[in-house]
Amino acid sequence: MTKPIHIKNLILGEGIPKICVSLMGTTEEKLKEEAVEAVKAGADLVEWRADFYANLQDSEKIKRTLETLSDILGQKPLLFTIRTKKEGGNVEIDIADYIKKNIEAAKTGKIDLADIEACEEMDEKKKLIKELQKTGIKVIASFHDFEKTEERDALKERFHMLEQTGADILKIAEMPKEFEDTAVMMQITKSVSENIEKPLISISMGNTGSMSRIAGENFGSSVTFGYTGTASAPGQFPVRELRMMMESLHEKNKDN
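Here the structure is a predicted model, which means the values were calculated and not measured.

1. A closer look at the overall build of the chain
Looking only at helices and strands, the chain features nine helices and eleven strands. Taken over the C-alpha trace, the chain has a radius of gyration of 17 Å; the compact-globule value for 256 residues is 18 Å, and the two agree within 12%. Referenced to the eigenvectors of the C-alpha coordinate spread, the extents of the chain come out at roughly 50 × 40 × 30 Å. Relative to its 256 residues, the chain shows a buried fraction of 52%. For the chain, contacts bridging at least 24 residues in sequence account for 72% of all contacts bridging at least 6. Between the centroid of the 37 positive side chains of the chain and the centroid of its 45 negative side chains there is a distance of 4 Å.

Pasting the structure below:
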């Protein structure tokens, strides 16, 4: 059974899934604009996709941008993510630099969560997750597959693999080829959520998987992703539309 996690004023792991908006600007100015729009749209938390940032290698500019975003977001949690090309992101980066950039971001004190791609180089990633947690932030151990959805047993094993990293939240996002793949993702997530205390994030991408972005409350996914300008992954909905659909489903669940 999921044990909720408190991050600032947010509770992950109970009730309606929380809506995250990803910022993908290449400059600090563009990121500021996107952050303001995310707040206006009512995002519950905000992700900085630093893999799109033109100055990713400049530690001082990263620190300054994090300070700027933190000021704009106030009590809305900030998630720091470097998504590699291997998992659908925008940057190729070696493990040493990946570790360095994540630790530097955490030590600024301006981020609340970090997303760590955890299913390769697992020994290094486990150590990184522990180091990040020592700074006081929460860590999402994630896995993304933009080509396919794994079979039932493989999906279940994937969640348990992520759990073994020691991260606080476990995330899997995969691409369905048919609706049955989306159904499998939701069914396995529901099963795993009944046996693992950590909040789960489960996403079936693309138009075929769009139901998974709306119905997380029904199958145990605690966060969903919406957008205000440009979607960060296929199948996302605009924030206001997404919230309206989730709240409508929530009311129907209460009636039943």
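Having seen the model, we can carry on.
2. Some points on the sheet that holds strand β9 (residues 200–204)
Strand order in the open sheet formed by nine strands is β9-β8-β7-β6-β5-β4-β3-β10-β11, with parallel pairing between adjacent strands. The sheet is open, and its two edges are formed by β9 and β11 (237–238), each paired on a single side. Two elements, strand β4 (residues 45–49) and strand β5 (residues 78–81), share four bridges in a ladder whose sense is parallel. The partner of Glu 47 across the bridge, within β5, is Leu 79. Relative to the sheet, helix α2 (residues 59–73) contacts β3 (18–23), β4 and β5, its axis offset from that of β4 by approximately 160°. On top of the sheet, helix α4 (residues 122–134) reaches β6 (113–117) and β7 (138–145); it is set at about 175° to β6, its chief contact.

3. Side note on the environment of Asn 195
Here Asn 195 shows up in the loop between α6 (179–193) and β9. Separated by 194 residues in the primary sequence, Asn 195 and Met 1 place their C-alpha atoms 5.8 Å from one another. Looking at Asn 195, its side chain comes within polar contact range of the main-chain oxygen of Ser 191, at 3.0 Å.

4. A short note on the packing of helix α1 (residues 28–41) against α2
The N-to-C vectors of α1 and α2 enclose an angle of 20°; their axes lie 10 Å apart at closest approach. When the axis of α1 is compared with that of α2, the two are roughly parallel. Of the two elements, α1 crosses α2, and the hand of that crossing is right-handed. Seen from α1, the contacting residues are Glu 28, Leu 31, Lys 32, Ala 35, Val 36 and Val 39; seen from α2, they are Arg 64, Thr 65, Thr 68, Leu 69, Ile 72 and Leu 73. In terms of residue class, the contact of α1 with α2 is built from seven nonpolar, two polar and three charged.

5. A few points about helix α5 (residues 152–163)
Taking 1.5 Å per residue as the helical rise, α5 with its twelve residues ought to reach 16 Å, and the 17 Å between its terminal C-alpha atoms agrees with that figure. Taken together, the buried positions of α5 are Leu 155, Arg 158, Phe 159 and Leu 162. The arc that holds the buried residues of α5, viewed along the axis, is 95°, so those residues lie on one side. On its buried side, α5 packs onto β7, β8 (169–174), α6 and β9.

6. What to know about unusual backbone geometry
Of note, Lys 8 is a non-glycine position whose phi angle comes to about 55°, a positive value. Tracing the backbone through its elements, the reader meets Lys 8 in the loop between β1 (5–7) and β2 (10–12). Phi is positive for Glu 121, which is not a glycine, with a value near 50°. When you line up the elements, Glu 121 lands in the loop between β6 and α4. For Glu 121, a relative accessible area of 40% puts it in the partly exposed group.

7. With respect to the side chain of Ser 204
When you line up the elements, Ser 204 lands in strand β9. We classify Ser 204 as buried; its relative accessible area is 0%. Polar contacts involving the side chain of Ser 204 include one to the side chain of Thr 182, which spans 3.1 Å. What Ser 204 contacts, discounting residues up to four positions off in sequence, is Glu 174, Pro 176, Thr 182, Met 185, Gly 209, Ser 210, Ser 212 and Arg 213.

8. Comments concerning the pattern of salt bridges
By the definition in use, this model includes 15 salt bridges. When the shortest N-O distance is used, the salt bridge between Glu 117 and Arg 83 registers 3.4 Å. Linking Glu 117 in strand β6 with Arg 83 in the loop between β5 and α3 (95–107), this pair joins segments that are 34 residues apart in sequence. Taken as a pair, Glu 117 and Arg 83 share a single burial class, namely buried. Salt bridges linked by common partners bring Arg 83, Asp 115 and Glu 117 together as one network.

Quick notes on the rules
Residues numbered from 1 in each chain as written. Predicted model: local features only at pLDDT ≥ 70, side-chain atom pairs only at ≥ 80, totals over all residues. Heavy atoms only, no water. Helix = DSSP H or I, 4+ residues; strand = E, 2+ residues; numbered from the N terminus. Rg over C-alpha atoms; globule rule 2.2 N^0.38 Å. Buried < 20%, exposed > 50% of the residue type's maximum accessible area, 1.4 Å probe, protein only. Contact = heavy atoms within 4.5 Å. Lys, Arg positive; Asp, Glu negative; His and termini not counted. Charge placed at Lys NZ, Arg CZ, Asp CG, Glu CD. Pairing = 2+ DSSP bridges. Axes fitted to C-alpha atoms, helices over the stretch in contact; angles between N-to-C directions. Polar contact = N/O pair within 3.5 Å; in protein donor to acceptor, adjacent residues only side chain to side chain. Parallel < 35°, antiparallel > 145°, perpendicular 65-115°, else oblique. Left-handed = near helix turned anticlockwise from the far one by under 90°. Nonpolar A, V, L, I, M, F, W, Y, C, P; charged D, E, K, R; others polar. Expected span 1.5 Å × (residues − 1). Arc of directions from axis to C-beta. Salt bridge = Lys/Arg side-chain N within 4 Å of Asp/Glu carboxyl O.

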